[in-house]
Amino acid sequence: MIGRLNHVAIAVPDLEKASATYRDVLGATISAPQAEPDHGVTVVFIELPNTKIELLEPLGENSPIQAFLDRSPSGGIHHVCYEVDDILAARDRLKEQGARVLGSGEPKIGAHGKPVLFLHPKDFNGTLVELEQA
Ligand code: CO
């Protein structure tokens, strides 16, 4: 069911510093920071030949990544995003198998303008999984 790895998201306490590390130390091409107020994050996209890395910094009150950074102050891998062809079919299949879909269970429009859902980390080996309809 799942297809390509769309991105790996890394929560960071200091987006400017993390971006500089990817640009200067790792030699990556990075985007300008993009504020996503609906998602409570500011994002920098790093395009790699086979996937993307997204650096996430909390934005505003009640950012969904703040609790993660409180537990891991220096940052860390926050989620992985897999592509699916049909997000509603994927959701229904996962629910049938007992996996927990976070939030209302209805897809939201993600940072790339495409529908996304998140799956409970306890059902996926301690990893928060995002599904994106490619
Ligand atoms: Co993501």
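Our subject in this report is the structure included herewith. Just so you know, these numbers come straight off a predicted model, no measurement behind them.

Moving on to the side chain of His79. Turning to its location among the elements, His79 is positioned in strand β5 (residues 76-84). Take His79: its relative accessible area is 5%, and that puts it in the buried class. Here the side chain of His79 touches His7 through a polar contact of 3.4 Å, side chain to side chain. Side-chain polar atoms of His79 contact the side chain of His78, separated by 2.9 Å. Contact partners of His79, with chain neighbours within four places excluded, come to His7, Val8, Ala9, Leu56, Phe118, Leu128 and Glu130.

Its identity as a non-glycine residue notwithstanding, Asn62 has a phi of 60°, on the positive side. Structurally, Asn62 is set in the loop between β4 (52-58) and α2 (66-71). Although it is not a glycine, Asn125 adopts a positive phi angle of roughly 60°.

Looking at the metal site, the cobalt ion is ligated by His7 (NE2), His79 (NE2) and Glu130 (OE), spaced 2.0 to 2.1 Å from it. Taken in chain order, the donor set of the cobalt ion reads H-x71-H-x50-E. Of this pair, His7 sits in strand β1 (residues 5-11) while His79 sits in strand β5, and the two are 72 residues apart along the sequence. Like His79, His7 is buried.

Each value, and the rule that gives it
- Per chain, residues are indexed from 1 in the order of the written sequence.
- Two thresholds apply to this predicted model, a pLDDT of at least 70 for residue-level local features and 80 or more for giving and counting side-chain atom pairs, whereas whole-chain, interface and lining totals are computed over all residues.
- The side-chain figures draw on all heavy atoms in the structure; neither hydrogens nor water molecules are used.
- In this description a helix means any DSSP run of H or I spanning at least four residues, a strand means any run of E spanning at least two, and both kinds are numbered starting from the N terminus.
- Only protein chains enter the accessibility calculation, which uses a 1.4 Å probe; a residue whose area is less than 20% of its type maximum is buried, one above 50% is exposed, and one in between is partly exposed.
- In protein, a polar contact means a hydrogen-donor-capable atom and an acceptor-capable atom, both N or O and within 3.5 Å, with residues adjacent in sequence counting only if both atoms are side-chain atoms; elsewhere, any N or O pair within 3.5 Å suffices.
- Residue contacts are defined here by distance: any two heavy atoms, one from each residue, within 4.5 Å place the two residues in contact.
- Nitrogen, oxygen and sulfur within 2.8 Å of a metal are treated as its donors, or within 3.2 Å for sodium, potassium and calcium (Na, K, Ca); water is not counted, so a site can appear incomplete.

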